Amino acid sequence: MLFRSPTVVYDQYSGRWIVSDFAFSSMSGPFSQCLAVSKTTDPVSGGWWTYKITAGTTDMNDFPKMSVWPDGIYMTANMFRGGSIYVGAKVWAIDRTPLLSGSSASVVSFQLGSQAYSLLAANARATAVPAGTAPYLLTLQSSTTLNLYRMNVNWASPASTTLTGPQSIVIPSYTQPGSVTQPTPGEWLDAMGDRLMNKVQYSSQPFPSLWALHTVKSNGVAALRWYQIRVDGSSPALAQRSTYQPDTTSRWMGSLAVDKLGDMAIGY
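This report concerns the structure included in the present document. Position labels on residues start from 1 in each chain and follow its written sequence. The model is predicted, so local features are restricted to residues of pLDDT at least 70 and side-chain atom pairs to those at 80 or more, both for listing and for counting; the totals for chains, interfaces and linings are taken over all residues. Side-chain metrics in this entry use all non-hydrogen atoms of the structure; hydrogen atoms and water are not considered.

### Observations concerning the sheet that holds strand S17 (residues 209-218)
Here, any two strands with at least 2 DSSP bridges between them count as paired. Note on conventions: DSSP H or I runs of at least 4 residues are helices, E runs of at least 2 residues are strands, and numbering of each starts at the N terminus. The mixed open sheet is built from 8 strands, whose spatial order is S13-S12-S11-S10-S16-S17-S18-S19. At either margin of the open sheet sits one strand with a lone partner, and together these are strand S13 (162-170) and strand S19 (237-244). Neighbouring strand axes in the sheet, compared pairwise and without regard to direction, differ in orientation by 30° on average. As defined by bridge partners, strand S16 (residues 200-203) adjoins S17 across 3 bridges and the pair is classed as antiparallel. Opposite Tyr 202, over in S17, you have Leu 210 as the bridge partner. Each axis is a line fitted through C-alpha atoms, taken for helices only over the stretch in contact, and angles between the N-to-C directions span 0 to 180 degrees.

### Examining the pattern of salt bridges
Opposite charge on two side chains lets them pair, provided their charged atoms get close. One speaks of a salt bridge when a side-chain nitrogen belonging to Lys or Arg is within 4 Å of a carboxyl oxygen belonging to Asp or Glu. Evaluated as defined, the whole model comprises 5 salt bridges. One salt bridge connects Asp 11 with Arg 96, and the closest N-O pair in it is separated by 2.6 Å. With a gap of 85 residues between them, Asp 11 in strand S2 (residues 7-11) and Arg 96 in helix H1 (residues 96-99) connect regions that are remote in the sequence. Across the pair, exposure class does not vary: Asp 11 and Arg 96 are buried alike. Between Asp 247 and Arg 251 there is a salt bridge, with its nearest N and O atoms 2.8 Å apart. Only protein chains enter the area calculation, which uses a 1.4 Å probe; residues under 20% of their type maximum are buried, those over 50% are exposed, and those in between are partly exposed. By relative accessible area, which is 9% here, Arg 251 ends up buried.

### Re the packing of aromatic side chains
Pairing of aromatic rings covers Phe, Tyr and the six-membered ring of Trp, with a centre-to-centre limit of 6.5 Å; geometry is then stacked below 30 degrees between planes, edge-to-face above 60, and tilted otherwise. A complete count under the given rule lists 10 aromatic pairs for this structure. Measuring from ring centre to ring centre gives 5.8 Å for Trp 211 and Trp 226, while their planes differ by 25°; the resulting arrangement is stacked. On the criterion of sequence distance, the pair formed by Trp 211 in strand S17 and Trp 226 in strand S18 (residues 221-230) is long-range, its members being 15 residues apart. Both residues of the pair, Trp 211 and Trp 226, count as buried. Ring centres of Tyr 244 and Tyr 268 lie 6.3 Å apart, and the angle between their planes is 50°; this geometry places the pair in the tilted category. Pair noted here: Tyr 244 is in strand S19 and Tyr 268 is in the segment after strand S21 (264-267), with a separation of 24 residues, a long-range link. Every member of this aromatic cluster is reached through a ring pair, and the members are Phe 22, Phe 24 and Phe 31. In this scheme, Lys NZ or Arg CZ marks a charge over a ring once it lies within 6 Å of the ring centre and within 35 degrees of the ring normal. When the ring centre of Phe 63 is taken as reference, the NZ or CZ atom of Lys 65 above it lies at 3.7 Å.

What follows is the structure, given as structure tokens:
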């Protein structure tokens, strides 16, 4: 089997660590997402529960990303028919409770059409989420728009789970960065400016909001564009944004984090 895209998340609601990677034996499928969940709060010597989720029989789950929310673990991926033809983004909700004891995993998923790309589930890390808040999913829809979805999971009756949206959020127009050049005779590097970078972060300070980041072209170089999106009303709205490009050096493949006070930091 081929493994090549590992992710690690810490689930603060259970104190467990979750390592994930996608796997397949041939490009004709089936395609899997493998999980290892620490049996205790000690990931070094506490042991691991392992799971394999069938992501698709003919569609490959590329660019898989995981996030933590109070009601479960969420995963997204870009699905490619036979590993080459894009057919849309997919989102999975995984019930946390069975994972903690090694019981059979309970999973519910939705497949979106090809209009959605690189969907990311919001990650709740530093501040409390109001009880009953459905998780947010965000995607970079166009050069002027972000799209927001909500997944309402019912673990007592998984078939009644719904995915709603999209709600559009207008953002200032940007230009994709294309490739980044290295000093001669270096190869060109992919700035991956067509998608939001992991993770989308939820914060309740100073108001409920989502923080997201991607790469744009600014004054001829790759730069980091970030957003804070208010989600405390019926319609999401852009609260603030900026592009970090202090000089002529390219910066890309960024990520951001927000602490319990609502302060944001970016790495790239």
